[in-house]
Amino acid sequence: MSLSLAKRCCEAPLTRRVLQFKMFRRRIQSCNLSYTVWRHRWMKKLPVVTNSSRRMSSHQDKDTVDLSKFPVDRIRNFCIIAHIDHGKSTLADRLLEITGAIAKTEKNKQVLDKLQVERERGITVKAQTASLFYSHQGEQHLLNLIDTPGHVDFSYEVSRSISACQGVLLIIDANQGIQAQTVANFYLAFEAQLTIIPVVNKIDLKNADPERVESQIEKVFDIPREECIRISAKLGTNVEKVLQAVVERIPPPVASTEDPFKALVFDSNFDHYRGVVANIAVFGGRVRKGDKIVSAHLGKTYEVNELGLLRPDEHPTQKLFAGQVGYIIAGMKDVKEAQIGDTLYLQEQPVEALPGFKPAKAMVFAGMYPMDQSEYPGLRSAIERLTLNDSSVTVQRDSSLALGAGWRLGFLGLLHMEVFNQRLEQEYNASVIVTAPTVPYKAVLSSAKLIKEHGSEEITIVNPAQFPERSVVSEYLEPMVLGTILAPDSYTGKIMSLCLNRRAVQKNMVYIDDQRVMMKYLFPLNEIVVDFYDLLKSLSSGYASFDYENAGYQAADLIKMDILLNGRPVEELTTVVHRQRAYSTGKAMCERLKDSIPRQMFEIAVQAAIGK
């Protein structure tokens, strides 16, 4: 009876499958560890089993990095700044490899560029932080690196990163030399009184001329050529010298662990499960898991759930100390709670708030509306979360007769607007309608009634549909920018005629060496915001570079131009133009509309009109 029962059990499908396996015991002498391996009967050899117990214990060791062993004098905070495509992210990859933060593989390309839009376009959009452990002259140092964007539209990211650092690596391409954004970023670091280490990159290129680039650095920035470090970030040549220079030349942060805890939030992003993840620079004291901290901006109290370093992925630790840069998660569920530039302090030790950042000045405005009004709540949530991660975007509620409820968003430039729109689609699956970009104009009112209504004599107009009539205005003002163009001298004539066509006024012209010229022009922002950069690149065969900074407002002869379809004005197509350009702009818009509007069985009159 018992024999037949055993036989029946063995014939059962599950039992039959289990009996296919044999059990083996293995022992590893080196670490006095034994484990069990199950092997199928038809396997010739025992499988190679990774030592999971060992791996787990090393992971726990990683989690408990003792940051107290890094006193302030062995901490260096620095960022990498450069013109676009001069090799910042490639150098960051090599620094991460040398210090062991990431494994050395051929796949390490733009490791810190984590966004899909960054990978697709090959540009850095968000500044990213990474902490490195580097041993110099027998002492272990903690280096906090911030990789920054190079395009003019993301200069706010650079200025914020600089506030958390004591020094910068200024990267210059050995082939292209000093470019417009190199100059702009140098002055950002110079005004912040940071230590500047010039690094000449791409010396492995066939046309590289590091001698010429070093003489440019000496002439334009007044930095001795002996201080320049020649490297090839792609091949890793001399990259070790960069780390040595960081330790030797950049001063440690001015902070003390004995002071009350005080930290600056210099970046933040939203996680669907953990809430707001804030990147902080600790300016004094220490903070540990479980501490009660207060936001100086809102006065709300939070409990620290998690904190740690970014290496470049999140690496939890028990404490953060003065002078260190890391991340903190404190149960902030609302996107408005982690304002960039906010100060965090311990509940029982209130401190004076840090100065924070001056708000970014929006240069380009565009309307953004959902494809369907039922998508409005979802789009509102997406825009709120994305503006937490990109605080340079300004948001105002807006509505339109044709497009419904939406927003008027302010950006730092046209590329910034395109990237924001792309991130909305990729990260939040939100499809939107974006109106034509405009710039903010000002009007000086002459009517006492309107002055009383608006509360001031000068008003700012970001929506062309709200542009006031000439009869109630004493003068219109348009935004101006000081543009810097660097190009080979053979293209000077073409570039000058392009600038004059855009109502620009030449301010300066300097030869930085025997082949390259730096020109400064005062431009109306409206003239350069859409297609100026593309035209400049095509005129100069791609060699010219362009950068601009805000230069206030100037009086101009501006008019509002309406587009009429069958005699009815379409508010969304209204623009503000200079009187000289009204005819050419109106004609171009009408011709484009003629091609865009589908053919109908009846006539559609397309007109551009100024005034009433």
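Residues numbered from 1 in each chain as written. Predicted model: local features only at pLDDT ≥ 70, side-chain atom pairs only at ≥ 80, totals over all residues. Heavy atoms only, no water.

(A) Region of interest: the overall build of the protein chain. Scanning the protein chain from terminus to terminus reveals 16 helices and 32 strands. Within the span of the protein chain, comprising 612 residues, buried residues form 49% of the whole. Carbon and sulfur atoms provide 51% of the accessible area of the protein chain, an area that totals close to 30,700 Å². (Helix = DSSP H or I, 4+ residues; strand = E, 2+ residues; numbered from the N terminus. Buried < 20%, exposed > 50% of the residue type's maximum accessible area, 1.4 Å probe, protein only. Areas by Shrake-Rupley, 256 points an atom, 1.4 Å probe, with all protein chains shown as cover.)

(B) View of the environment of Arg94. Within the fold, Arg94 resides in helix H4 (residues 88-98). Residue class for Arg94 comes out buried when judged on its relative accessible area of 11%. Residues Arg94 and Lys104 lie ten residues apart in sequence; the distance between their C-alpha atoms is 8.7 Å. At 3.1 Å, the side chain of Arg94 and the backbone oxygen of Ala233 are in polar contact. (Polar contact = N/O pair within 3.5 Å; in protein donor to acceptor, adjacent residues only side chain to side chain.)

(C) The side chain of Asn201, seen in detail. Tracing the backbone shows Asn201 in strand S7 (residues 195-201). The buried category is assigned to Asn201, whose relative accessible area is 2%. A polar contact of 3.1 Å, which involves the side chain of Asn201, links it to the backbone oxygen of His86. Discounting chain neighbours no more than four positions away, the residues touching Asn201 are His86, Gly87, Ile171, Ile172, Asp173, Ala174, Ile231, Ser232 and Ala233. (Contact = heavy atoms within 4.5 Å.)

(D) Representation of unusual backbone geometry within the structure. Following Arg311, the chain continues to Pro312 via a peptide bond in cis, the omega torsion being -15 degrees. At Lys202, a position not held by glycine, the phi torsion is positive, near 65 degrees. Turning to its location among the elements, Lys202 is positioned in the loop between S7 and helix H8 (210-221).

(E) Broad picture of the sheet that holds strand S5 (residues 139-147). Across the sheet, six strands lie side by side as S4-S5-S3-S6-S7-S8; this open sheet has mixed pairing. The open sheet is flanked by strand S4 (128-136) and strand S8 (229-230), the only strands paired with a single partner. For S7 and S8, the ladder comprises two bridges, and the chain directions are parallel. Within S8, the residue paired with Val199 across the bridge is Ile229. (Pairing = 2+ DSSP bridges.)

(F) Representation of the sheet that holds strand S9 (residues 262-271) within the structure. Here eight strands make up an open sheet; going across it, the order is S13-S12-S18-S9-S10-S17-S14-S15 and the pairing antiparallel. With partners counted over all chains shown, the strands left at the sheet margins are strand S13 (301-303) and strand S15 (314-317), one partner each. Along the sheet, successive strands turn relative to each other by an average axial angle of 40 degrees, direction set aside. Pairing geometry for S9 and strand S18 (residues 343-346), over three bridges, is antiparallel. Along S18, the bridge assignment pairs Ala263 with Leu344. Contacting S9 and strand S10 (275-284), helix H10 (residues 376-389) crosses the sheet at an angle of about 145 degrees to S9. (Axes fitted to C-alpha atoms, helices over the stretch in contact; angles between N-to-C directions.)

(G) Focus on the nonpolar core. Judged by nonpolar contacts, the single largest core of 39 residues is most densely connected at Val168, Ile178, Ile217 and Phe221. Sorting the residues of this core by element identifies strand S3 (75-82), helix H6 (155-163), strand S6 (167-173), helix H7 (180-191), S7, H8 and S9 as the ones contributing at least two each. Contact partners of Val168, with chain neighbours within four places excluded, come to Cys79, Ile81, Ile162, Ala189, Leu194, Thr195, Ile196, Ile197 and Ile250. Within the second largest apolar cluster, 36 residues are counted, among which are Tyr441, Ala443, Tyr491 and Leu536. (Core = buried A, V, L, I, M, F, W, Y, C linked by side-chain atoms within 4.5 Å.)

(H) Just the pattern of salt bridges, in detail. Using the criterion set out here, one finds 23 salt bridges in the structure. The shortest N-O distance in the salt bridge between Arg160 and Glu157 comes to 3.5 Å. Taken together, the residues span about one helical turn, with Arg160 and Glu157 both in helix H6 at a distance of three residues. Look at Arg160 and you get buried, because its relative accessible area is 2%. Taking the relative accessible area as the measure of exposure, Glu157 reaches 4% and is therefore buried. When the shortest N-O distance is used, the salt bridge between Arg274 and Asp271 registers 3.5 Å. Linked through salt bridges whose partners overlap, the residues forming this network are Glu211, Glu214, Glu218, Arg225 and Arg230. (Salt bridge = Lys/Arg side-chain N within 4 Å of Asp/Glu carboxyl O.)

(I) Region of the structure containing the pairing of S5. With seven of its nine residues buried, S5 lies for the most part within the structure. One ladder, built from six bridges, connects S3 with S5; its direction is parallel. Looking across to S5, one finds that Phe78 is bridged to Leu145. Taken together, the nine bridges between S4 and S5 define a ladder with antiparallel strand orientation. Looking at S5, one finds that Thr129 is bridged to Ile146.

(J) Representation of the packing of H4 against helix H9 (residues 239-249) within the structure. Viewed as axis vectors pointing N to C, H4 and H9 meet at an angle of 80 degrees, and their least axial separation amounts to 10 Å. By the angle between their directions, the pair H4 and H9 is classed as roughly perpendicular. Contact residues: H4 offers Leu91, Arg94, Leu95 and Ile98, while H9 offers Val239, Glu240 and Leu243. (Parallel < 35°, antiparallel > 145°, perpendicular 65-115°, else oblique.)

(K) Up close: helix H13 (residues 492-501). Along H13, the residues that are buried comprise Thr492, Ile495, Leu498 and Cys499. Viewed along the axis of H13, the buried residues span an arc of 130 degrees, placing them on a single side of the element. In H13, the exposed positions angled more than 90 degrees off the buried face are occupied by Gly493, Leu500 and Asn501. If you follow the buried residues of H13, they end up packed against strand S25 (473-488), strand S26 (505-511), strand S27 (516-524) and helix H15 (532-539). (Arc of directions from axis to C-beta.)

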